Amino acid sequence: MTLDDAAANLEALGNPTRLAIFRTLVRAGLDGMPVGALQQKLTVAPSTLSHHLHQLVAMNLVTQHRHGTTLICRAEFSAMAALVDYLSAECCADAPLPARRRK
C-alpha cells in the first residue's frame, strides 16, 4: 500500500456515515449484510446509503454481490488489514533505543 492509497482509504472512512457503514459490515463478518438490513440498522435514507456505499465500493473497502434479488454488502477484510498493517508497519521505528544501564 502506498501513502496515497492509505490517505484515500482514510479519507473514505473519514465520513461518519461511511465509517458507521463500514463498522457495521465488519461486525456482520464474512457473510455480510443485505442493503435493506444495513439501511434499517443505520436508519439512513436509501439514497444516502447508496451514495456512501458507492464510495466505499470504489475504494475497495466494501464488496457487493447479488443473491437472487438481494444485494449483499461485505467489508473487504483484506483491504482493512492492509490499511492497518500500513499504519502500524513502522511503529516506533524512529524511537531511540533504551539507554543502557550503567553498572
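Residues numbered from 1 in each chain as written. Predicted model: local features only at pLDDT ≥ 70, side-chain atom pairs only at ≥ 80, totals over all residues. Heavy atoms only, no water.

Further remarks concern the overall build of the chain. When its secondary structure is counted, the chain shows five helices and three strands. The helix and strand sequence of the chain, counted from the amino end, reads α-α-β-α-α-β-β-α. In terms of overall size, the chain is more extended than a compact globule, its C-alpha atoms giving a radius of gyration of 18 Å where 103 residues would be expected to give roughly 13 Å. With respect to the three principal axes, the spread of C-alpha positions in the chain is 70 × 25 × 25 Å. Considering the chain as a whole, with its 103 residues, one finds that 24% of them fall into the buried category. In the chain, 57% of the contacts between residues at least 6 apart in sequence involve partners at least 24 apart. Carbon and sulfur atoms make up 55% of the accessible area of the chain, which totals about 7400 Å². (Helix = DSSP H or I, 4+ residues; strand = E, 2+ residues; numbered from the N terminus. Rg over C-alpha atoms; globule rule 2.2 N^0.38 Å. Buried < 20%, exposed > 50% of the residue type's maximum accessible area, 1.4 Å probe, protein only. Contact = heavy atoms within 4.5 Å. Areas by Shrake-Rupley, 256 points an atom, 1.4 Å probe, with all protein chains shown as cover.)

Moving on, we come to the sheet that holds strand 1 (residues 33–34). Strand order in this open sheet of three strands is 1-3-2, and the pairing throughout is antiparallel. Where the open sheet ends on each side, the last strands, each with one partner, are strand 1 and strand 2 (62–67). Both strand 1 and strand 3 (residues 70–75) contribute to a ladder of two bridges, which runs antiparallel. In the strand pairing of strand 3, Pro 34 is matched with Ile 72. Sitting on the sheet, helix 2 (residues 16–28) is in contact with strand 1, strand 2 and strand 3, with an inclination near 90 degrees to strand 3. (Pairing = 2+ DSSP bridges. Axes fitted to C-alpha atoms, helices over the stretch in contact; angles between N-to-C directions.)

Now for the packing of helix 3 (residues 35–42) against helix 4 (residues 46–58). It is the contact of helix 3 with helix 4, at a shortest axis distance of 10 Å, that shows an interaxial angle of 110 degrees. On the basis of the axis angle, helix 3 is roughly perpendicular to helix 4. Helix-helix and strand crossings are classified by hand; for helix 3 and helix 4 the assignment is right-handed. Residues Val 35, Leu 38 and Gln 39 of helix 3 lie in contact with helix 4, whose contacting residues are Pro 46, Leu 49 and Leu 53. Taken together, the residues that form the contact of helix 3 with helix 4 break down as five nonpolar, one polar and no charged. (Parallel < 35°, antiparallel > 145°, perpendicular 65-115°, else oblique. Left-handed = near helix turned anticlockwise from the far one by under 90°. Nonpolar A, V, L, I, M, F, W, Y, C, P; charged D, E, K, R; others polar.)

A few words now on the nonpolar core. Core analysis: the largest hydrophobic core is formed by 18 residues, its most contacted members being Ile 21, Leu 25, Leu 38, Leu 53, Leu 61 and Val 62. Looking at this core, the elements with two or more residues in it are helix 1 (3–13), helix 2, helix 4, strand 3 and helix 5 (77–88). If near-sequence neighbours (up to four positions away) are discounted, Leu 38 is found in contact with Ile 21, Thr 24, Leu 25, Met 33, Leu 49 and Leu 53. (Core = buried A, V, L, I, M, F, W, Y, C linked by side-chain atoms within 4.5 Å.)

Together, Met 1, Leu 3, Leu 10, Tyr 86 and Leu 87 give the surface a local cluster of nonpolar side chains, amounting to about 480 Å² of exposed area. Secondary structure elements with two or more residues in the nonpolar patch: helix 1 and helix 5. Locating Met 1 in the fold gives a position in the segment before helix 1. (Patch = residues over 30% accessible without salt bridge, like charges linked within 9 Å, V, L, I, M, F, W, Y side chains within 5 Å. Salt bridge = Lys/Arg side-chain N within 4 Å of Asp/Glu carboxyl O.)

The residue Ala 75 is located in strand 3 in this model. Ala 75 sits 32 residues away from Thr 43 along the chain, and the two C-alpha atoms are 19 Å apart. Look past the residues within four positions of Ala 75 in its chain and what remains in contact with it is Phe 22, Leu 25, Val 26 and Leu 61.

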